[in-house]
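The primary structure of each chain is shown beneath.
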Amino acid sequence: MKAVILAAGYGTRMGEKPKGLIKVAGRELIYRTIRNLIKLGITEFIIVTNEKYREFYERFVKENKINAKIIVNQNPERGNGFSLHVAKDYVSGRFVLVMSDHVYEEKFYELAINGEGLIADRNPKYVDVEEATKVKIEGMRVVEIGKKLKEWNAVDTGFFILDDSIFEITTRLVQEKEVVELRDVVKEAKLKVTFVDGLFWMDVDTPEELKKAKKLIVAHSVKGVGDGFISRYLNRKVSTWISSHLVDHVTPNQMTLITFTFGIISALVNFVNIPLAGILYQISSILDGVDGEIARARMQTSKFGGYFDSILDRYVDLSFLLTLAYVSLADPLWWSVATLAIFSSAMVSYSTERFRGAYCADAYKVIPALRKIPGKRDERIFTIMIFTLLGWIKALFILLAIWSTLRVIITIYLVRTTLFHES
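Rules used in this analysis
Residue positions are counted from 1 within each chain, in the order its sequence is given. The predicted origin of the model limits local features to residues at a pLDDT of at least 70 and limits the giving and counting of side-chain atom pairs to 80 or more, whereas totals for whole chains, interfaces and linings rest on all residues. Calculation of side-chain values draws on the structure's entire complement of heavy atoms; hydrogens and water are dropped beforehand. UniProt positions are given in the numbering used here, feature names are shortened, and annotations may be inferred rather than shown by experiment. Here, a salt bridge means any Lys or Arg side-chain nitrogen found within 4 Å of an Asp or Glu carboxyl oxygen. Labels follow the DSSP assignment, with helices taken as runs of H or I lasting at least four residues and strands as runs of E lasting at least two, numbered in each case from the N terminus. Throughout this description, buried means an accessible area under 20% of the type-specific maximum (1.4 Å probe, protein chains only), exposed means over 50%, and partly exposed covers the range between. Ring pairs are drawn from Phe, Tyr and Trp, using the six-membered ring of Trp, whenever the two centres fall within 6.5 Å, and their geometry is named by plane angle: stacked under 30 degrees, edge-to-face over 60, tilted for the rest. Two conditions define a charge located above a ring, namely a distance within 6 Å from the ring centre to NZ of Lys or CZ of Arg, and an angle within 35 degrees of the ring normal.

In the nomenclature of an unreviewed UniProt entry, the protein corresponds to Bifunctional IPC transferase and DIPP synthase from the organism Pyrococcus horikoshii. Taken directly from UniProt, the Subcellular location (unreviewed entry) text for the protein runs: "Membrane".

Peer 1: Can you tell me about the pattern of salt bridges, naming the residues and giving the values?
Peer 2: Enumeration over the complete set of coordinates arrives at 23 salt bridges. The closest approach of N and O atoms between glutamate 116 and lysine 192, which form a salt bridge, is 3.5 Å. Here the residue glutamate 116 occupies a position in the loop between helix H4 (106-112) and strand E8 (117-121), and lysine 192 occupies one in the loop between helix H6 (182-189) and strand E12 (193-195), the gap between them amounting to 76 residues. A relative accessible area of 43% means that glutamate 116 is categorised as partly exposed. Between arginine 236 and glutamate 293 there is a salt bridge, with its nearest N and O atoms 2.6 Å apart. On the criterion of sequence distance, the pair formed by arginine 236 in helix H8 (residues 229-246) and glutamate 293 in helix H11 (residues 290-297) is long-range, its members being 57 residues apart. Like arginine 236, the residue glutamate 293 is buried in the burial classification. Here the salt bridges share partners, and the residues they tie into one network are Asp288, Asp313, Arg314, Asp317 and Arg377.

Peer 1: So what's going on with the packing of aromatic side chains? Residues and values would help.
Peer 2: What characterises a pair of aromatic rings is the spacing of the ring centres plus the angle enclosed by the ring planes. The tally for this structure, following the rule as stated, stands at 16 aromatic pairs. With a centroid separation of 6.2 Å and 45 degrees between ring planes, the pair formed by phenylalanine 304 and tyrosine 307 is classed as tilted. With phenylalanine 304 and tyrosine 307 both in helix H12 (residues 303-328) and three residues apart, the pair spans about one turn of that helix. Three or more aromatic residues joined by ring pairs form one cluster here, namely Tyr104, Phe108, Tyr109 and Phe159. Seen from the ring of tyrosine 31, arginine 27 lies directly overhead, with NZ or CZ sitting 4.2 Å from the centre. Against the face of phenylalanine 195 rests arginine 122, its NZ or CZ located 3.8 Å from the ring centre.

Dropping the structure here:
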């Protein structure tokens, strides 16, 4: 199955730049489309552009090693329906049609790829409906389409699943009309409609929409499962704001090293001011989400990145609790409690990471009950901050020793009872 990407416009509202190659959150718009379609099995791409931007797209395809053919629309002023027509000799059977200046979340692609005809949204949350192309649908087919419709029941998302019979219509229209827009083709074909409602998608036509798209991409780049209560309701609200400002300037691994350095500094501050160290440790916990958000937003996630981040987190946690114990505890008995607290805290993370190694899966996805058990890293660090501010250091180590040990025991129990057949 192939995909046709229309990129023949001149991008006048974006400074006459090829809009598909404009970067949002560190990646070109067209790269985002291609990468997501590749994940779903699309292996060949037809990019229709104009002569002015041909070399730009050829360079992009070569640099990113994409299996794509660049087709030039010599008459882009004839409309995007004409651009579709230009691709008629390069596709056969079923194919995807999408615009180069649109951005969609992954779930949108997953649902749309199994659809037919025009992919429409009855609950558009992220676009200006006044500016959107609206669709009137009857009997699951398009009967009217346009920006000025007064009666409509969905919005055109710029994503289509078509077959080569559409070129019979484009051939006739380009013979009859000088300018052929996609809406003309859609209306003439009375395309079937598939609804993908309420998910993140938008077209990027202006600098303001580019800024909006970046923020929304980052906001949709938080990891799906595994966050604790503090991350969901506090840390992520701050980290996504930070990520939206750094995503164009910092790589995920650079951010991992910045966060690690900040965490080690928070540990060293224990020698000077324990309450301040607790606050800095909590800030490092917030920053710990930024590298993952940037990686997902920039489409640069890697197994090494997650592995590297996990190892550095353990060093930060060990450093903070060891220095806290060193400056606060003298009695050997309390050191025994602190040792159990430190070891058990590390085992909380190790128990889920080891699950990934043993079962090649995310424990929080396989065992949803784990998400509800308190004691994840973000919750422990926030608790540590509170206790250091109050000066309850001995009580903190007792709590961590009991809390973390119980969580590890419960994790083992849930793994055993959920995956008993593996024993």
